[in-house]
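Report on the structure
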Amino acid sequence: MYRPFLEYLEKELFNRFDLRSRPIPAGLEANVSNKGKNQATIQSWCYECAELRKIRYTYIDAGASAQVFNSVIYPSYEYDIPLLGIDLLSFGKNKILIVLDFQPLFQEESYLVKYIEPMRSLREKYNDFAQNLEMKFYDANQYFSKYLLFAKTDAETVSTRFFQAYQDYINLYWQILVQAEKLHKTEDIQKIIKAQKDYDQYSADRDPASGLFSSYFGHEWAEKFLYEFLFEDAVPLAVSTASR
Ligand code: BLA
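Structural notes, computed from the coordinates. One numbering rule holds for all chains: residues counted from 1, following each sequence as written. Reporting in this predicted model follows two pLDDT cut-offs: at least 70 for local features of residues, and 80 or more for side-chain atom pairs to be given and counted; totals over whole chains, interfaces and linings ignore these cut-offs and use all residues. For side-chain calculations, the full set of non-hydrogen atoms in the structure is used, while hydrogens and water are omitted.

Our next topic: the site of the ligand. A molecule or strand has a residue near it when one of that residue's heavy atoms lies within 4 Å. Near the ligand there are 27 residues, and of these Asp87, Lys95, Lys136, Phe137 and Asp207 occur at the shortest range. Take Lys95: an N or O atom from its side chain is 2.7 Å from an oxygen atom of the ligand. Polar contacts, as used here, are pairs of N or O atoms within 3.5 Å; protein pairs need one atom able to donate a hydrogen and one able to accept it. Residues neighboring in sequence count only if both atoms are side-chain atoms. Contact between the ligand and Tyr138: an oxygen atom at 3.0 Å from a main-chain N or O atom of the residue. Protein chains bury 94% of the 850 Å² of accessible surface belonging to the ligand in isolation. Placement of the ligand is best described as lying within the largest pocket. Numbering of helices and strands runs from the N terminus, with a helix taken as a DSSP run of H or I at least four residues long and a strand as a DSSP run of E at least two residues long. Those elements that place two or more of their residues in the shell around the ligand are strand S5 (67-75), strand S6 (83-90) and strand S7 (96-103). Under the scheme applied, nonpolar residues are Ala, Val, Leu, Ile, Met, Phe, Trp, Tyr, Cys and Pro; charged residues are Asp, Glu, Lys and Arg; polar residues are all the others, including Gly. A class-by-class count of the residues in the shell around the ligand yields 18 nonpolar, 4 polar and 5 charged. Areas reported as accessible are Shrake-Rupley estimates using a 1.4 Å probe. Residue values count occlusion only from the protein chains shown. A cavity here means a set of points on a 1 Å grid, drawn over the protein atoms and nothing else, where a 1.4 Å probe fits but cannot get out; a pocket is an open set with protein on both sides within 12 Å along at least five of seven lines, and a residue lines either one if it has an atom within 4 Å of a point. For this analysis, a molecule is said to be in a pocket or cavity if more than half of its atoms are within 2 Å of the grid points defining it.

What follows is the structure, given as C-alpha cells:
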C-alpha cells in the first residue's frame, strides 16, 4: 500500500544526493516472521551523504493485516534543521493512520519561526490531514511541530490526495535543507549532536512499534532493532538505569 511512498522518497534521494550505503547491523536489515498464518516481512534501507548523516526507512508487509512505511532523515550535525519524520500505518481497512512532520530539535520561538512557519501554507492546503488526534505514546509538544499531518484516513485518500501532500512536504524539506546555513562553532555543533541523541532516546523509549516488532520477530530482535538500528544513539532503558 505504501510502496509508491517508499519509491518516491528513494528516487528523490538518489536524484538529489550523492548517497553512500550506511551499514545496518547484521541480522537487522530484514526479517521474516513465521508465526501465525499471516507472514510478515520487514526490510530496511540506510544511507548517508554530506548533507544527511542518516537516512533510514523501513517497510513492514504483513499483507492485509499490516502495512507500514516508516522513515527518519537526520541532517548532518552542521545543520540545526528539523528531522524529517514519516510514519504511515495501515492495520486492515479500518485503521489507516498517517503521520508526517518536520520534527523540531528545539521548541524556542525563533527556531519554530525559522523552520516550522514555512510549513504553514502546506498545512493549510492539507488541513484535512491535520486532525488534532490525541497522542497516547508521545508528547505532541516535544519533537513534533504544530503543523504536522496526523490523520485517520482511507486507502483511496492515501493513494491520491495524501500522496500529493507527501510529495509537497518532502519538496519543502529539500528547500529548507538547501537554504540552511552551516554551523561552524564547535559549541553549536555539540548542541545539535546532543539534541539528535536526545531525540533518539526519547523516541526509542516511547516507540509504539516495539510491541508490534516483538509480536512478529520476538522480544530480543525487537530490542536490537530499536536500539541498534532505528534509534542507535539511544541507550536501552534497563542499561541506562543500571549504570546510574
Ligand atoms: C504511532 N507508530 C505508531 C503506532 C505504531 C507505529 C505501531 C501506533 C499506532 C496505534 O496503534 O495507534 C509504528 N513506529 C512504528 C514503526 C516504527 C516506528 C513501524 O518507529 C519503525 C519502523 N513515528 C515515527 C516517526 C514519526 C512518528 C518518525 O517513527 C513522526 C512523524 C509519529 N507514530 C507517530 C505518532 C503516532 C505514531 C505521532 C501516534 C502516537 C500516539 O498516539 O502517541
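Grid points are joined across faces, edges and corners, and a volume is the space filled by probe spheres set on the points. Taken as a whole, the largest pocket encloses approximately 880 Å³ of empty space. Forming the boundary of the largest pocket are 38 residues, of which Asp87, Leu89, Val99, Tyr138 and Pro208 lie nearest the centre. Put simply, the parts of the chain that give the lining of the largest pocket at least two residues each are strand S4 (52-61), S5, S6, S7, strand S8 (149-153), helix H5 (186-206) and helix H6 (210-217). Here the lining of the largest pocket is built from residues that sort into 24 nonpolar, 6 polar and 8 charged.

Our next topic: the packing of aromatic side chains. Working definition: a ring pair exists when centres of Phe, Tyr or Trp rings (six-membered ring for Trp) sit within 6.5 Å. Plane angles under 30 degrees give stacked, over 60 give edge-to-face, the rest tilted. Enumeration over the complete set of coordinates arrives at 32 aromatic pairs. Relative to Tyr166, the ring of Phe5 has its centre 4.8 Å away and its plane inclined at 70°; by these criteria the two rings are edge-to-face. Remark: Tyr166 occurs in helix H4 (residues 155-179) and Phe5 occurs in helix H1 (residues 3-16); sequence separation between them is 161 residues. In this structure, Phe5 and Tyr166 share a single accessibility class: buried. Grouped by ring-pair contacts, the aromatic residues Tyr2, Phe5, Tyr8, Tyr126, Phe129, Phe162, Phe163 and Tyr166 constitute a single cluster. Three labels apply to residues, based on accessible area from a 1.4 Å probe with only protein chains included: buried if under 20% of the type maximum, exposed if over 50%, partly exposed otherwise in between.

Where a strand is regular, its side chains alternate between the two sheet faces. Among the 5 residues of S8, 4 are classified as buried, and the element is accordingly described as predominantly covered. As paired elements, S7 and S8 share 5 bridges and run antiparallel to each other. Note on S8: the bridge partner recorded for Leu100 is Leu149. In this scheme, strands are said to pair when DSSP sees at least two bridges between them.

Let us look at the nonpolar core. We define the nonpolar core as a collection of buried residues of types Ala, Val, Leu, Ile, Met, Phe, Trp, Tyr and Cys that are connected through side-chain atoms lying within 4.5 Å of one another. Ranked by size, the top nonpolar core spans 93 residues in total, and within it Leu9, Leu13, Phe69, Phe162, Tyr166 and Trp174 carry the most contacts. With 12 residues, H4 is the largest single contributor of residues to this core. Residue contacts are defined here by distance: any two heavy atoms, one from each residue, within 4.5 Å place the two residues in contact. In contact with Leu13, other than residues within four places in its own chain, are Leu19, Leu52, Ile55, Tyr57, Ile73 and Trp174.

Here the focus is H4. Taking 1.5 Å as the rise per residue, H4 with 25 residues should run 36 Å; its terminal C-alpha atoms sit 35 Å apart, in good agreement. Note on bend: at a given residue it equals the angle between the axes fitted to the 7 residues ending there and to the 7 starting there. The principal kink in H4, of about 45°, is found at Phe162. A side-chain oxygen of the first residue of H4 lies 3.2 Å from the backbone nitrogen of Glu156; this N-cap is Asp154. By this rule the span expected of a helix is its residue count minus one, scaled by 1.5 Å.

In short, the description is geometric, and any link to function would need to be established separately.
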